[in-house]
Amino acid sequence: MALQIDLDLCTGCGACVAVCPFCALTQRPSDGKVEVNEACTACGACIEVCPVGALSLPEPTSPAAAGQSETHRGLWVFAEQRGGQLQDVTFELLGKGGELARELGVEVGAVLLGHQVDACVGPLFEHGADVVYVVDHPALAAYTAEPYAEAMSALIKKHRPEIVLAGATSIGRSFIARVAIEATAGLTADCTELAVDPENRCLIQTRPAFGGNILAAILCPNHRPQMATVRPKVFPQPAPVEGRTGRRVDEQVELKDPVVRVLETVDAMQHEVNVAGAEFIVAGGRGVGGPEQFKLLAELAEALGGAAVGASRAAVDAGWISSFHQVGQTGKTVRPKVYIACGISGQIQHLVGMNSSDTIIAINKDPDAPIFEVADIGIVGDLFVVVPELVKALRKAQ
Ligand SMILES: Cc1cc2nc3c(=O)[nH]c(=O)nc-3n(C[C@H](O)[C@H](O)[C@H](O)COP(=O)(O)OP(=O)(O)OC[C@H]3O[C@@H](n4cnc5c(N)ncnc54)[C@H](O)[C@@H]3O)c2cc1C
């Protein structure tokens, strides 16, 4: 986008030259009128100070003007599978994607990349995909970013979807940014809400910004596709419709020789508690006071029949519990049936990771703690009194 200068209006006052942070403006020696060089980033700082309105930027090209709103159609979900096992986030995105697609009047496509993954196709239809694009290739058997990005980019180029969604998982995060660059699209990571404006067909991508202190709505009005990632458990999983089918499209994609060869796959999470998938979570924060005291929360988790133990970042940063247990903006997003927050104040960065829980129970000795604003049941009290009482009552009831 190039800065426009109306030389008839320019008086050569030099106000714009003084404020340009990139030294992109100079004055002609002959008459002092201003010229712009290639350092201009179109930041607009000069426009604000020009007293005679001689500087302007062209109106942004809308997708309609660029013809993209006509040529790009459909909402796609990257169907993440590991070892032939579809990941829950895929179903969650198909559920939300279906709602958005209905508002836009388009189909939901699922993109399945892998090798010998036919068994995944049926569940994708049953969870809401209208079309499943399958790329079956030996180079896609074990995940590596390059061939996955290559295959996805080739399909986007060919079919031109207007929206592409992927899970903000280790796989989704590592390859979808390459795809966005290839598609010259923007990418909004870790969205906590998605909506569409049917008028201009914009995807309204909401995510925490400025350290989680505000929720920003991000739009990508000028390019298609619009791309976003969403963490697991942000959206609910739709119930499958047994027997629902759709259109299967098998695609052949030429893939370059991979630079990375997978020798062995190790599941680093296998010995760790699955906080993200737990139905009951007992979480502790700074109020717990130390690693030994976390045993009290483990007792409550056990009395609940095997709940997972979660933690705030304060507890993790203090070294009381491993980061696998962290819930929140930089931890896991959880959606359990019951979330019991013990000694957690309820800062926004923690809340964004757990406020979709079905029932939130908060135990905090400060009646003004923000956690009580999201809690369904609030217990004002010392957790070292309340938690043992709960354990006793639960054990008695068993
Ligand atoms: C970019 C960024 C990302 C972040 N990501 C995360 C994240 O992913 N997850 C996260 O949790 N935080 C995150 N944070 C940190 C977040 O801002 C808070 O600092 C953190 O959540 C506070 O943890 P806390 O509630 O355990 O501690 P505090 O805020 O210190 O709260 C402790 C609470 O315990 C209560 N308490 C004390 N003793 C007792 C007792 N005996 N009984 C009952 N209650 C008691 C107190 O009243 C208090 O409310 C992030 C911050 C930033 C800037």
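Criteria and thresholds
- Residues numbered from 1 in each chain as written.
- Predicted model: local features only at pLDDT ≥ 70, side-chain atom pairs only at ≥ 80, totals over all residues.
- Axes fitted to C-alpha atoms, helices over the stretch in contact; angles between N-to-C directions.
- Helix = DSSP H or I, 4+ residues; strand = E, 2+ residues; numbered from the N terminus.
- Parallel < 35°, antiparallel > 145°, perpendicular 65-115°, else oblique.
- Left-handed = near helix turned anticlockwise from the far one by under 90°.
- Contact = placed C-beta atoms within 7 Å.
- Nonpolar A, V, L, I, M, F, W, Y, C, P; charged D, E, K, R; others polar.
- Core = buried A, V, L, I, M, F, W, Y, C linked by C-beta atoms within 7 Å.
- Buried ≥ 20, exposed ≤ 12 C-beta atoms within 10 Å, placed from the backbone.
- Pairing = 2+ DSSP bridges.
- Near = placed C-beta within 6 Å.
- Domains from an automatic or database assignment.
- Expected span 1.5 Å × (residues − 1).
- Arc of directions from axis to C-beta.

S.K.: I keep staring at the packing of helix H8 (residues 294-303) against helix H12 (residues 383-397) and nothing clicks. Help me out?
M.R.: Two measures define how a pair of helices packs: the angle their axes make with one another and the distance between the axes. For the pair H8 and H12, the least separation of the axes is 9 Å and the interaxial angle reads 25°. Relative to H12, the element H8 is oriented roughly parallel. Here H8 runs over H12; the crossing is left-handed. Between H8 and H12, the residues in contact are Leu296, Leu297, Glu299, Leu300 and Ala303 and Val387, Leu390, Val391, Leu394 and Arg395, respectively. Among the residues forming the contact of H8 with H12, the class breakdown is eight nonpolar, no polar and two charged.

S.K.: Please clarify how the environment of threonine 359 should be interpreted in this entry.
M.R.: By secondary structure assignment, the location of threonine 359 is in strand E20 (residues 359-364). Through-space distance from the C-alpha of threonine 359 to that of arginine 102 is 30 Å; in sequence the pair is 257 residues apart. Contacts of threonine 359, omitting those with residues within four sequence positions, involve Lys337, Val338 and Asp376.

S.K.: What is the right way to look at the nonpolar core in this model?
M.R.: Soluble globular proteins tend to bury their nonpolar side chains together. The biggest cluster of nonpolar side chains holds 56 residues, and the ones touching the most others in it are Val111, Leu112 and Met152. For this core, the element with the most residues is helix H6 (residues 145-159), which contributes six residues. In terms of nonpolar packing, the next biggest core, distinct from the first, is built from 40 residues, Ala276, Val327, Val334 and Ile363 among them.

S.K.: Where do I start with the sheet that holds strand E10 (residues 163-167) in this structure?
M.R.: Strand pairs in the sheet, formed through backbone hydrogen bonds, run parallel or antiparallel to each other. Taken in spatial order, the seven strands make up an open sheet running E11-E15-E10-E5-E8-E9-E16, and their pairing is parallel. Edge strands, defined here as strands with exactly one partner in the open sheet, are strand E11 (187-191) and strand E16 (247-250). Taking the axes of each pair of neighbouring strands and ignoring which way they run, one obtains an average angle of 20° across the sheet. As paired strands, strand E5 (residues 75-79) and strand E8 (residues 108-114) are joined by five bridges and run parallel to one another.

S.K.: Would you explain the site of the ligand in this entry?
M.R.: Around the ligand sit 30 residues, and of these Gly285, Gly287, Arg313, Gly328 and Ser345 come closest. For the shell around the ligand, the secondary structure elements donating two or more residues are helix H9 (313-317), helix H10 (348-354), E20 and H12. Across the shell around the ligand, the residue classes break down as eight nonpolar, 17 polar and five charged.

S.K.: Where do I start with the domain arrangement of the protein chain in this structure?
M.R.: Accessible area lost upon the coming together of the parts is a frequently used measure of interface size. Segmentation of the protein chain into domains returns domain 1 (4-56), domain 2 (69-250) and domain 3 (280-397). Summarising the inter-unit geometry, the C-alpha centres of domain 2 and domain 3 are found 32 Å apart. For the side of domain 2 that touches domain 3, a count of residues per class yields three nonpolar, three polar and two charged.

S.K.: For this particular structure, what's the right way to read the environment of alanine 177?
M.R.: Examined against the element boundaries, alanine 177 turns out to sit in helix H7 (residues 170-182). For the pair alanine 177 and threonine 245, spaced 68 residues apart in sequence, the C-alpha separation works out to 31 Å.

S.K.: Can you help me understand H12 in this one?
M.R.: Residues that lie three or four places apart on an α-helix share one face, since the helix turns once every 3.6 residues. Across its 15 residues, H12 extends 21 Å between first and last C-alpha, which sits within 8% of the 21 Å expected from 1.5 Å per residue. Restricting attention to buried positions, one finds in H12 the residues Leu383, Val387 and Leu390. Projected down its long axis, H12 carries its buried residues within an arc of 60°, all on one side. Opposite its buried face, H12 presents the exposed residues Val385, Glu389, Lys392, Ala393, Arg395 and Lys396, each directed more than 90 degrees away.

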